[in-house]
Amino acid sequence: MTDVTGAPVDVLHTLFHSDQGGHEQVVLCQDRASGLKAVIAIHSTALGPALGGTRFYPYASEEEAVADALNLSRGMSYKNAMAGLDHGGGKAVIIGDPEQIKSEELLLAYGRFVASLGGRYVTACDVGTYVADMDVVARECRWTTGRSPENGGAGDSSVLTAFGVFQGMRASAQHLWGDPTLRGRKVGVAGVGKVGHHLVEHLLSDGAEVVITDVREESVRRITDQHPAVAVAADTAALIRTEGLDIYAPCALGGALNDDTVPVLTAKVVCGAANNQLAHPGVEKDLADRSILYAPDYVVNAGGVIQVADELNGFDFDRCKAKASKIFDTTLAIFARAKDDGIPPAAAADRIAEQRMAEARRS
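Residues numbered from 1 in each chain as written. Predicted model: local features only at pLDDT ≥ 70, side-chain atom pairs only at ≥ 80, totals over all residues. Heavy atoms only, no water.

Some words on the overall build of the protein
In terms of helices and strands, the protein carries 15 helices and 12 strands. Its C-alpha atoms give the protein a radius of gyration of 20 Å, within 12% of the compact-globule value 21 Å for 363 residues. Reported as C-alpha extents along the three principal axes, the dimensions of the protein are approximately 55 × 45 × 45 Å. Intrachain contacts of the protein at a sequence separation of at least 6 include 64% that bridge at least 24 residues. Accessible area for the protein stands at about 15600 Å²; split by element, carbon and sulfur atoms hold 49% of it. With 34 positive and 47 negative side-chain charges, the protein shows a separation of 4 Å between the mean positions of the two kinds. (Helix = DSSP H or I, 4+ residues; strand = E, 2+ residues; numbered from the N terminus. Rg over C-alpha atoms; globule rule 2.2 N^0.38 Å. Contact = heavy atoms within 4.5 Å. Areas by Shrake-Rupley, 256 points an atom, 1.4 Å probe, with all protein chains shown as cover. Lys, Arg positive; Asp, Glu negative; His and termini not counted. Charge placed at Lys NZ, Arg CZ, Asp CG, Glu CD.)

Things to note about the environment of K326
Counting through the fold element by element, K326 comes out in the loop between α13 (317–325) and α14 (327–341). Linking K326 and C29, residues 297 residues apart in sequence, is a C-alpha distance of 37 Å.

Overview of the pattern of salt bridges
The final tally for this structure, using the stated rule, is 20 salt bridges. With a shortest N-O distance of 3.3 Å, R112 and E140 are connected by a salt bridge. Within this pair, whereas R112 is found in helix α4 (residues 104–115), its partner E140 is found in the loop between α5 (131–138) and α6 (158–177), the two being separated by 28 residues in sequence. Owing to a relative accessible area of 42%, R112 belongs among the partly exposed residues under this scheme. (Salt bridge = Lys/Arg side-chain N within 4 Å of Asp/Glu carboxyl O. Buried < 20%, exposed > 50% of the residue type's maximum accessible area, 1.4 Å probe, protein only.)

Here's the deal with the sheet that holds strand β8 (residues 209–213)
Here 6 strands make up an open sheet; going across it, the order is β9-β8-β7-β10-β11-β12 and the pairing parallel. Two strands close off the open sheet at either side, each with one partner strand: β9 (231–232) and β12 (293–294). Against the sheet, helix α7 (residues 196–205) makes contact with β7 (186–190), β8 and β10 (247–250), and its axis sits at roughly 170° relative to β7, the strand it touches most. Sheet contacts for helix α8 (residues 217–226): β8 and β9; angle to β8, the most-contacted strand, approximately 155°. (Pairing = 2+ DSSP bridges. Axes fitted to C-alpha atoms, helices over the stretch in contact; angles between N-to-C directions.)

Re helix α12 (residues 303–311)
With respect to burial, α12 is a largely interior element, 9 of its 9 residues being buried. Within the sequence span of α12, burial applies to G303, G304, V305, I306, Q307, V308, A309, D310 and E311. Packing partners of the buried residues in α12 comprise β3 (50–51), α2 (62–82), α6, α13 and α14.

Quick notes on the environment of R120
Its place among the elements puts R120 in the loop between α4 and β6 (121–122). Between the alpha carbons of R120 and Y248 there is a distance of 36 Å; along the sequence they are 128 residues apart. Filtering out sequence-adjacent residues up to four positions away, R120 remains in contact with E24, Q25, I42, T45, P49 and A50.

A word on the pairing of β7
Burial analysis of β7 places 5 of its 5 residues in the buried class, the great majority of the element. By the alternation rule, side chains of β7 split into K186, G188 and A190 and V187 and V189, which are all buried. Pairing of β7 with β8 involves 5 bridges; the strand directions are parallel. Residue pairing across strands places A190 opposite T213, the latter belonging to β8. Taken together, β7, α7 and β8 constitute a β-α-β crossover, and its handedness is right-handed. By the bridge criterion, 4 bridges tie β7 to β10 in an arrangement that is parallel. Bridge pairing in β10 links G188 to Y248. (Right-handed = clockwise from strand over helix to strand, strands pointing away.)

A few points about the environment of G119
Mapped onto the secondary structure, G119 falls in the loop between α4 and β6. G119 sits in the buried class, given a relative accessible area of 11%. Sequence separation between G119 and G90 is 29 residues; the distance between their C-alpha atoms is 12 Å. Setting aside residues no more than four positions away along its own chain, G119 makes contact with P49 and W143.

Here is the structure:
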């Protein structure tokens, strides 16, 4: 069913009436000459200009793309708030297979749409987009981060994203086992692409036993060629059932924690880089009921956005790494708040983030 504009009613209901909505602005972008179809969603500018990456993905439908943009942008508001950044939340999605339709003309057209927002939205890399892509977008849009160092940027943000997730794991280990090391712990990483392979390096350096899986054979092989001791699971379904697994790290697309996966998880901790890991409200309680400690995704994966935010003011890697290291303390504070309030960690993180945004609106 559609309304008088032709937009799906369920999308408009999400935007204007549901708890998952409340967005300030959603822009539908089309450039027929290049084949661009994109959605830019600005959830909040309470703390400052909305900041979030551009996802390039072959969505099954335009409705699915809009829904993803709404969810991701809302998550960025919470992520940026918990990271202590003076930025609100935004996200963009480009509809289509980047292997098939990505072109210079398409990226330039996308850059013009972002620029038309006058700085309300600052973009960066995400799934399907890379530093080289942001260099192209930046030719049309000054509000572009994640660029190459040669073009005044910070380069690959996955380095600090992985570092932040590792800090979240250390905090989880401290909270659960009384020691922040992963030495001797078995960690399963689902998705060893841009972020996951950096995370594996941190884990191995800390003495963890690592099991990996990825839909791309070349990504798995890149790790096993360097580290033959790393075990490989056939798929995510096999990984989450691995006997003796201490920590599960979802590092691919969202929705990894759902009604099918949570009941069979063998891990005692979930801490990964993927966005929107909880498939629907209530999953965080299901995890708590099984005594599985969940490190909220938007808290532990904030290293990348810390990096790209810093780029706007002249990038300094050491300064960014120092900020990302605070994810350890933030994660511990969330676990403590969850215990004090008798709620799951995801709910505790939401309360802290919402409090910061509310205070910014009042000031």
